Amino acid sequence: MLSSCGPRGGPTRRAVYGTAPSTDAAQDLQPPLERDPAAVELALAATDVGVFEYDARSGRQRFSARCRTIWGLRDDEEPTPERIRELIHPDDRTATDAVAASLRPDGPGEFLVEHRIVRPDGSVRWVETRGRTFFEGTGAQRRAVRSLGTMLDVTERKRAERELAGTIRALQESELRFRTIFEQSNDFIFTADLEQRITSCNPAVAAALGLAPAEIVGRSIGEFIAPEQFERTTAM
């Protein structure tokens, strides 16, 4: 996927989102979407994965139907670099840095980025894009020929990750509140296992018994309360 990028006020450069298998076979230079687009669409339909391709020689960029759906593009709308950059969330446009790096002759030649897009209807989606650039030539003559890549809408995964992170934070905050009460309360608080062995006690318990917490943990509750109280406890 090709996208325009560059410093504000400076010259605009073009970056390519894409992957291509590194092979010397002549047929590999023929765009796979052109060789058998129906087969590609059929193979990827069940996975919700979109395919895009950029031919550096012709400057032509193409999106599969799924890519168009992900970005909210009309069937007759060209995925030009300017249009693609326009749809990337303003706070995430640095994602194109990784794409630009993959195009350099001495660069990694591949990338994996996640960023938000703002569809024409205003909805915000998360997109995972991975790609690899195919080069030809060596040394100073090395240049990008084309790229092929995949896209996946990961909005639901991102939402689940946020919800999980929120749940973890809530549990951590709850644990902190409990620990604060446990440590600072003047009431006697302890925990025990099913065998009525003490597993923890707060400072108030230790102070009342005149023992260190380590001397209490692991012992039976029956050692510290009246027999009739212990019987009621074990009967619960």
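Everything here concerns the structure above.
Everything numeric in this text was worked out from a predicted model, so none of it was measured.

What's the story with the overall build of the chain in this structure? I'm lost.
In terms of helices and strands, the chain carries nine helices and nine strands. Here the chain holds 236 residues, and the buried ones make up 33% of them. By sequence separation, contacts in the chain at least 24 residues apart represent 48% of the contacts at least 6 residues apart.

Quick question: what am I supposed to make of the layout of surface pockets here?
Take a probe with the size of a water molecule and roll it over the atoms, and the empty space left behind shows itself. Counted as a void, the largest pocket has a volume near 190 Å³. Among the secondary structure elements, those contributing two or more residues to the lining of the largest pocket are strand E9 (198-201) and helix H7 (203-209). A per-element tally of the lining of the largest pocket places H7 first, with three residues. Classifying every residue of the lining of the largest pocket gives 10 nonpolar, no polar and no charged.

It is not clear to me how the pattern of salt bridges should be interpreted in this structure. Could you clarify?
In a structure, side chains of opposite charge can pair up when their charged atoms sit close to one another. Following the criterion strictly, the structure yields 22 salt bridges and no others. The salt bridge partner of Arg-74 is Asp-76, with a shortest N-O separation of 3.1 Å. A relative accessible area of 60% places Asp-76 in the exposed class. Glu-114 is the salt-bridge partner of Lys-158, the closest N and O atoms lying 2.8 Å from each other. Residue Lys-158 is found in helix H6 (residues 155-184), and its partner Glu-114 is found in strand E5 (residues 110-118); the two are separated by 44 residues along the sequence. Beyond isolated ion pairs, a larger network of salt bridges with shared partners links Glu-114, Glu-128, Arg-130, Arg-157, Lys-158 and Glu-161.

How should I be thinking about H6 in this particular structure?
Every α-helical turn comprises 3.6 residues, leaving residues that sit three or four positions apart pointing alike. Counted at 1.5 Å a residue, the expected span for H6 with its 30 residues is 44 Å, and the 43 Å between its end C-alpha atoms agrees. Residues of H6 that are buried: Thr-155, Lys-158 and Phe-182. Those residues of H6 that are buried lie in contact with E5, strand E6 (124-136), strand E7 (143-153), E9 and H7.

When you look at unusual backbone geometry in this model, what are you seeing that I'm missing?
Residues apart from glycine generally show negative phi values, whereas peptide bonds are mostly found in trans. The phi dihedral of Gln-196 falls on the positive side, at around 65 degrees, and the residue is not glycine. Mapped onto the elements, Gln-196 comes out in the loop between strand E8 (190-192) and E9.

I'm lost on the pairing of E7 in this one. Help?
Looking down a regular strand, the side chains alternate between one sheet face and the other. Across seven bridges, the pairing between strand E3 (residues 49-55) and E7 is antiparallel. The residue bridging Gly-50 from the neighbouring strand is Met-151, located in E7. Two elements, E6 and E7, share 10 bridges in a ladder whose sense is antiparallel. By the bridge assignment, Arg-132 is partnered in E7 with Leu-148.

Mind showing me how you'd approach the sheet that holds E3 here?
To summarise the sheet geometry, strands pair through backbone hydrogen bonds and adopt either a parallel or an antiparallel arrangement. Ordered in space as E4-E3-E7-E6-E5, the five strands form an open sheet in which the pairing is antiparallel. The outermost strands of the open sheet, each flanked by one partner alone, are strand E4 (60-63) and E5. Each strand axis lies, on average, 20 degrees off the axis of its neighbour in the sheet, ignoring direction. Sheet topology note: the E3/E4 ladder contains four bridges and is antiparallel. In the sheet register, Asp-55 faces E4, and the bridge partner there is Arg-60. Helix H5 (residues 95-103) rests against E5, E6 and E7 of the sheet, and its axis sits at about 150 degrees to E5.

When you look at the pairing of E5 in this model, what are you seeing that I'm missing?
The side-chain alternation of E5 yields one buried face, formed by Phe-111, Val-113, His-115 and Ile-117, and one unburied face, formed by Glu-110, Leu-112, Glu-114, Arg-116 and Val-118. Bridge count for E5 against E6 is nine bridges, and the pairing is antiparallel. Of the residues in E6, the one forming a bridge with His-115 is Val-127.

Could you clarify how one ought to interpret the packing of aromatic side chains in this entry?
Any pair of aromatic rings gets described here by the distance separating the centres and the angle formed by the planes. Under the criterion given, the structure shown has three aromatic pairs. Taking 6.2 Å as the distance between ring centres and 55 degrees as the angle between the ring planes, the aromatic pair formed by Phe-52 and Phe-63 counts as tilted. With Phe-52 in strand E3 and Phe-63 in strand E4, the pair connects residues that are 11 residues apart, well separated along the chain. Comparing Phe-52 with Phe-63 shows no difference in burial state: the two are buried. Plain terms: the ring middles of Phe-63 and Trp-71 are 6.5 Å apart, the flat faces sit at 50 degrees to each other, and that makes the pair tilted.

Cut-off values and rules
Residues numbered from 1 in each chain as written. Predicted model: local features only at pLDDT ≥ 70, side-chain atom pairs only at ≥ 80, totals over all residues. Heavy atoms only, no water. Helix = DSSP H or I, 4+ residues; strand = E, 2+ residues; numbered from the N terminus. Buried < 20%, exposed > 50% of the residue type's maximum accessible area, 1.4 Å probe, protein only. Contact = heavy atoms within 4.5 Å. 1 Å grid on protein atoms, 1.4 Å probe; cavity = no way out; pocket = protein on both sides within 12 Å on 5 of 7 lines; lining within 4 Å. Points joined across faces, edges and corners; volume = space filled by probe spheres on them. Nonpolar A, V, L, I, M, F, W, Y, C, P; charged D, E, K, R; others polar. Salt bridge = Lys/Arg side-chain N within 4 Å of Asp/Glu carboxyl O. Expected span 1.5 Å × (residues − 1). Pairing = 2+ DSSP bridges. Axes fitted to C-alpha atoms, helices over the stretch in contact; angles between N-to-C directions. Phe/Tyr/Trp six-rings, centres within 6.5 Å; stacked < 30°, edge-to-face > 60°.

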